[in-house]
Amino acid sequence: MKNLKKPSSKNIKNIIALTPMQEGMLFHALYERGSSTYFVQTSYRLHGELDIFYVKKSLNDLLRRYDILRTVFIHEGRERPLQVVLKEREIDFSFECIRKIVGKDIQKINAFIEKSRKKDMQRSFDLSKDVLMRVSILQIFDSEYEFIWSHHHILMDGWCSGILYSEFFEIYNSYLENKICILPDVIPYQEYIKWIGSQDKEEGLRYWREYLKDYNREPPLYRFAKHIKGDEYNREQYDFFIDELLTSSLEKVARESQVTVNTVAETIWGILLQKYTNSDDIVFGTVVSGRSPEIDSVELMVGLFINTVPLRIKNEGV
């Protein structure tokens, strides 16, 4: 674990504004310090030989390639928070061989890995000074490793993970094979921030005011939530499976309505909220990709593009 200090002014490459979504995530990080909210962790098993030196080298190449991965967020003594892009920064990386600790006992192996995941999550991130992406590798057997890759959501969205994973293996394999790695040109996240800043905010406000006109009800389920004691947010997850028959029925409804299955699911959720709130007009947030086709090669950019916009489900008695 690295004891990091706030970045030196000599190491600053650029200072730019935050997007509205980044500002929201920063607010929650400051309001709930140490919380796992917006902490993103991916853990998967790798089978085969792994060269740890080249793994770390490849990860550092990704940090050199993408400005957003070398970014910290400052707010103290400022009217508006800023993101600071550093010239140089190394990945927060750790490697541990656990064979002598857990042996070949599968239960001990799984328990050790789960404890490591939780410890990593509890460590959280200090957005003002930490490297906001880190990797831990646990060697289980001679040719078996657990790869724990964590980052704060303020850096990037899920789309970017696929880009980074793909490029990581491209770079890593090029080192192993002693070949030149050719990757697409990087378009800095700053280009997206410039595009956001050039948009007509008044036009956007007019659109959403019209969209939400005449809606002034309590938030969904507020009548239940206000009776709960305390203000702590307790996250829970409920998993369920939709069988083949029901899936086919949903797909049929989507085709006949000329919409996507996702639109059908959102409509069902809206109707359910209407029932619970005894209302024929409901609004809830839905996440959109935010990658505007107006930006060249936006699908290759690494950063946070998602946004949450209101979705209104209104029953007009049709």
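Residues numbered from 1 in each chain as written. Predicted model: local features only at pLDDT ≥ 70, side-chain atom pairs only at ≥ 80, totals over all residues. Heavy atoms only, no water.

Asks: Where do I start with the overall build of the protein chain in this structure?
Replies: Secondary structure summary: the protein chain contains 10 helices and 9 strands in total. Reported as C-alpha extents along the three principal axes, the dimensions of the protein chain are approximately 65 × 50 × 45 Å. Here the protein chain holds 318 residues, and 36% of them are scored as buried. Counting only contacts in the protein chain whose residues sit at least 6 apart along the sequence, the fraction spanning at least 24 positions is 74%. (Helix = DSSP H or I, 4+ residues; strand = E, 2+ residues; numbered from the N terminus. Buried < 20%, exposed > 50% of the residue type's maximum accessible area, 1.4 Å probe, protein only. Contact = heavy atoms within 4.5 Å.)

Asks: Just checking my understanding: could you explain the pattern of salt bridges for this structure?
Replies: Should their charged atoms come close, side chains of opposite charge can pair. If you walk through the whole model with that rule in mind, you get 17 salt bridges. For glutamate 144, the salt bridge identified is with arginine 45, shortest N-O distance 2.8 Å. Remark: arginine 45 occurs in strand E2 (residues 39-47) and glutamate 144 occurs in strand E7 (residues 144-152); sequence separation between them is 99 residues. Glutamate 144 sits in the buried class, given a relative accessible area of 15%. Owing to a relative accessible area of 32%, arginine 45 belongs among the partly exposed residues under this scheme. Between glutamate 210 and lysine 213 there is a salt bridge, with the nearest N and O atoms lying 3.2 Å from each other. Each of the salt bridges in this network shares a partner with another, and the network as a whole consists of Arg45, Glu114, Arg117, Glu144 and Glu146. (Salt bridge = Lys/Arg side-chain N within 4 Å of Asp/Glu carboxyl O.)

Asks: How should the sheet that holds strand E4 (residues 82-86) be read in this particular structure?
Replies: What holds strands together in a sheet is hydrogen bonding between their backbones, with the strands either parallel or antiparallel. Pairing within the open sheet is antiparallel, and its 3 strands lie in the order E1-E4-E3. With one partner strand each, in any of the chains shown, strand E1 (12-17) and strand E3 (71-74) form the two edges of the open sheet. Neighbour-to-neighbour, the strand axes of the sheet open up by a mean angle of 25°, direction not taken into account. Bridge analysis of E3 against E4 gives 4 bridges, and the strand direction is antiparallel. Across the sheet, valine 72 pairs through a bridge with valine 84, a residue of E4. Running over the sheet, helix H6 (residues 189-197) touches E1 and E4 and is turned about 25° from E1. (Pairing = 2+ DSSP bridges. Axes fitted to C-alpha atoms, helices over the stretch in contact; angles between N-to-C directions.)

Asks: Can you walk me through the state of the cysteines in this structure?
Replies: By definition, a disulfide is the covalent link that joins the sulfur atoms of two cysteine residues. Counted by the stated rule, this structure contains 0 disulfides. For cysteine 181, which is in no disulfide, the shortest distance to another cysteine sulfur is to cysteine 160 and amounts to 18 Å. Residue classification places cysteine 181 among the partly exposed residues on the basis of a relative accessible area of 28%. (Disulfide = S-S within 2.5 Å.)

Asks: Can you walk me through the environment of serine 257 in this structure?
Replies: The residue serine 257 is located in helix H9 (residues 244-257) in this model. Side-chain polar atoms of serine 257 contact the backbone oxygen of valine 253, separated by 2.9 Å. (Polar contact = N/O pair within 3.5 Å; in protein donor to acceptor, adjacent residues only side chain to side chain.)

Asks: Whenever I open this one, the sheet that holds E7 confuses me. Can you help?
Replies: With mixed pairing, 4 strands are arranged side by side in an open sheet as E2-E7-E6-E5. Both outer strands of the open sheet, E2 and strand E5 (92-97), are each paired with one neighbouring strand and no more. Adjacent strand axes in the sheet meet at a mean angle of 15°, parallel and antiparallel pairs treated alike. Note: E5 against strand E6 (residues 133-141), 6 bridges, orientation parallel. Residue pairing across strands places phenylalanine 95 opposite isoleucine 137, the latter belonging to E6. Sheet contacts for helix H2 (residues 52-65): E5, E6 and E7; angle to E5, the most-contacted strand, approximately 165°. Running over the sheet, helix H5 (residues 158-176) touches E2, E6 and E7 and is turned about 140° from E7.

Asks: Explain the pairing of E7 here, please?
Replies: For a regular strand, side chains alternate in direction, first toward one face of the sheet and then toward the other. In terms of residue burial, E7 counts as a mostly covered element, since 9 of its 9 residues are buried. Sheet topology places E2 next to E7; 9 bridges connect them, and they run antiparallel. Within E7, the residue paired with glutamine 41 across the bridge is serine 150. The sheet contact formed by E6 and E7 spans 8 bridges and is antiparallel. Considered in E7, the bridge of serine 136 is made with isoleucine 148. As consecutive antiparallel partners, E6 and E7 are separated by 2 residues.

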